[in-house]
Amino acid sequence: MSMSVSVEAIKMIKTSDQVSQTESQTTRAKQKKQRRNRPRSKRNRVEDSTTTANTTTESSTTDSAPTESAMPGDNSQQDATREQVMAEREAKKQAKQAKKQKATTPDTKIITEVEQTTITTKLTTTTTTTAGPPAPIAAVTCTASTDTETGDKTRDQIKAEREAKKAAKQAEKAAKSSGAKVEPPVQKLANLKVTDKTPTPTAAPSSAANDEKKKPALSKAERRALQEAQRAAKAQGQGQVKKAQPAVKAPGAATAKVTATVLKELKRESVSPVKSATSSSPSKNSLITAKSKCKVKLFNHLVWAEKGASLFINDPLVHPSMARLGVQYAQRTVVGSNARCIAFLHALRQVVQDFETPAKKEFGRSLDAAVKHHVDHLHKCRPPAVSVSNAYKQFRNQVTQLPADVPEAELKELLVYFIDTYMENQIGKASQAISSSLQDKITDGDVLLTFGCSSLIQFICEEAKRRQVAFRVIVVDSRPTCEGQGMLRRLHAHGIPCTYVLINAVGYVMAEATKVLLGAHALLANGYVMARTGTAQVALVANAHNVPVLVCCETHKFSERFQTDAIVYNELSDPNDLVRDDKCCLKNWTAKAHLTPLNLNYDITPPELVSAVVTEVAILPCTSVPVILRIKPEIGY
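Figured I'd write up the structure that's included with this text.

Some remarks on the layout of surface pockets
Alright, step 1. Within this model, the largest pocket holds a volume of roughly 940 Å³.
Alright, step 2. Taken together, 37 residues form the lining of the largest pocket, with Val 335, Gly 336, Cys 453, Glu 483 and Arg 532 sitting closest to its centre.
Alright, step 3. Secondary-structure elements contributing two or more residues to the lining of the largest pocket are helix H14 (337-354), helix H18 (455-466), helix H19 (484-493) and strand S6 (529-532).
Alright, step 4. Per-element tally for the lining of the largest pocket: the top contributor is H14, with 4 residues.
Alright, step 5. Residue classes in the lining of the largest pocket are distributed as 12 nonpolar, 14 polar and 11 charged.

Listed below in structure tokens is the structure:
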């Protein structure tokens, strides 16, 4: 009976041991899963090591327990449990001590990528040098404790050492290939020590380190300026030493002064670049700022008239006749579309006659390039008129058609003949044709109203006076040019009775007029008339009084441009021309902010206000301009 009880007890103990073993295995599996999911840090590694030690001790105790407890009534099981408890306590104490040591000892510095690159570059420089012994690798101090140095290396440290060894091997290979004898740098890498980023709490920071921290970070330009200043000071000091001058300044002071001045200049440029740009030429910049501040954005695309003396300085590539014409354009001594075109053609004839073909060049191409340079010079003095642009286009077309096997003298004669015939046909004969077509429209008792000064209108009135037609003329004028005064003097010299009024009184005299004769600067392809500023106002008042408006314009003034307002393209005159005298309120307009007198040269008259356009071809409506432009090459113009 006692034997059966003991067997049953042994079976019970075995089953309990098996249950405890399965429970311990399940706990171990759970702990392994938790370790895998956790991030791999130093703290987690130490905890994992302690837990594994605890589990090994538990497993050893559980394995020894059944053997010791095989005999019932023995105290071996109690001894095993006591030893297990003691082992657990000791493991906990060791874990706490390890944590305390980690808290007190500073962490070692992990070699960064920048330091690795510096190490490899130094190794390569030592291996690639052929002359002289290799330069020693700069050793790095270490502030870590001896415990961490002698302890196990971290994963990053091992990687850094491996990369350094690889760099050393590559350096050895490069040295062998170049043939230079270099000592193996592996021994030097063994002595390499790693510094710690975090300073020790016992070491107090020095004053120099604090000063460096207080200094602001310099930009790339400032660093370059400092290097250049130091080099200049060094070269200056070396030159003074070579010359053995008695009074020599210390290079450190010189570099300090130079660097201070350079830094001040850089700060000024970075803080106020506009001030540094404008401080060089106050007179020019004042004009620029006045124009930029006061100019209305709606007219920013329009160009100001240049009257600087730099345009009229003798240029070897500009003919004297063209230089003289540019001065006349800029000073407005030559005004009027026909007058400007005639003056341009006369100057162009002088250029052609005095032109000499360069060596190994063609006459046509070299002349074309020279004339283009002259036209650009005139454009700087004043924007070209439509009549001048059309004459220049016809001249270029004629130059391109010159034969290549003809002597240069004959080619010049051909071009001079073309210029003379162009002036005669397009200006002289065209004005005679327009005048003859209008003589039938002017009868006795007519009152002709005109605006400004037009050479074509003047010619028509003189022809009517020669025919002994009894008529009178009302001359409407406007400031600031007052061109109508010249028209008044010429008509009065021929004995034509005239009346002179300003444009603000045109509404009072329009009722007396029977016909309105207007000149034109250009006739656009869409039928709009481009003329002197004020023409559109006169046409509008005439339309209100049912007075016919006749625009006299030669076909060489027809333009292919489309324009419906005077803002898209126009010419700006000097705003100071609007200031009459010292008592004018616009005398000091440059000193007033956001104020610029607008002095436009031309305005646009819509075709609805024009009754007809009188040309040398016929009297046509404004909408027939595209037809004239299409048939003009066929009729020989």
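Let's pick the thread back up.
Here's the deal with the state of the cysteines
Alright, step 1. Counting across every chain of the model gives 0 disulfides.
Alright, step 2. In this structure Cys 553 is a free cysteine whose sulfur lies 9.0 Å from that of Cys 552, the closest cysteine sulfur available.
Alright, step 3. Judged by its relative accessible area of 0%, Cys 553 is buried.

Points about the sheet that holds strand S5 (residues 522-523)
Alright, step 1. With antiparallel pairing, 3 strands are arranged side by side in an open sheet as S5-S6-S8. Because the sheet does not close on itself, it has two edges, and the strands there are S5 and strand S8 (602-605).
Alright, step 2. Bridge count between S5 and S6: 2 bridges; the pairing is antiparallel. The partner of Leu 523 across the bridge, within S6, is Val 529.
Alright, step 3. Strand contacts of helix H21 (residues 535-544): S6 and S8, with the helix running at about 30° to S8, the strand carrying the most contacts.

A look at the side chain of Arg 349
Alright, step 1. Residue placement: Arg 349 occurs in helix H14.
Alright, step 2. Arg 349 gets classed as buried once you look at its relative accessible area, which sits at 19%.
Alright, step 3. Among residues more than four places away in sequence, those in contact with Arg 349 are Val 416, Ile 419, Asp 420 and Met 423.

Examining unusual backbone geometry
Apart from glycine, the bulk of residues carry a negative phi angle, and the bulk of peptide bonds sit in the trans form.
Alright, step 1. For the peptide bond that leads from Arg 479 to Pro 480, omega is 5°, which places it in the cis range.
Alright, step 2. The residue Lys 360 is not glycine, and still its phi comes out positive at about 60°.
Alright, step 3. Looking at the secondary structure, you find Lys 360 in the loop between H14 and helix H15 (363-381).

Quick notes on the pattern of salt bridges
Alright, step 1. Applying the stated criterion to the full structure yields 12 salt bridges.
Alright, step 2. We note a salt bridge from Asp 376 to Lys 372, for which the minimum N-O separation is 3.5 Å. Separated by 4 residues within a single helix, Asp 376 and Lys 372 lie in helix H15, roughly one turn from each other.
Alright, step 3. Classification of Lys 372 as partly exposed rests on a relative accessible area of 41%.
Alright, step 4. Residues Lys 412 and Glu 408 are paired through a salt bridge, measuring 3.5 Å at the closest nitrogen-oxygen approach. A residue pair is termed a helical-turn pair when its members lie 3 or 4 positions apart in one helix, as Lys 412 and Glu 408 do in helix H17 (residues 408-439) at 4 residues.

Considering the packing of H18 against H19
Alright, step 1. Viewed as axis vectors pointing N to C, H18 and H19 meet at an angle of 20°, and their least axial separation amounts to 10 Å. By the angle between their directions, the pair H18 and H19 is classed as roughly parallel. With respect to the hand of their crossing, H18 and H19 are arranged in right-handed fashion. Residues Ile 457, Gln 458 and Cys 461 of H18 lie in contact with H19, whose contacting residues are Met 487, Arg 490 and Leu 491.

Calculation rules
Residues numbered from 1 in each chain as written. Predicted model: local features only at pLDDT ≥ 70, side-chain atom pairs only at ≥ 80, totals over all residues. Heavy atoms only, no water. 1 Å grid on protein atoms, 1.4 Å probe; cavity = no way out; pocket = protein on both sides within 12 Å on 5 of 7 lines; lining within 4 Å. Points joined across faces, edges and corners; volume = space filled by probe spheres on them. Helix = DSSP H or I, 4+ residues; strand = E, 2+ residues; numbered from the N terminus. Nonpolar A, V, L, I, M, F, W, Y, C, P; charged D, E, K, R; others polar. Disulfide = S-S within 2.5 Å. Buried < 20%, exposed > 50% of the residue type's maximum accessible area, 1.4 Å probe, protein only. Pairing = 2+ DSSP bridges. Contact = heavy atoms within 4.5 Å. Axes fitted to C-alpha atoms, helices over the stretch in contact; angles between N-to-C directions. Salt bridge = Lys/Arg side-chain N within 4 Å of Asp/Glu carboxyl O. Parallel < 35°, antiparallel > 145°, perpendicular 65-115°, else oblique. Left-handed = near helix turned anticlockwise from the far one by under 90°.

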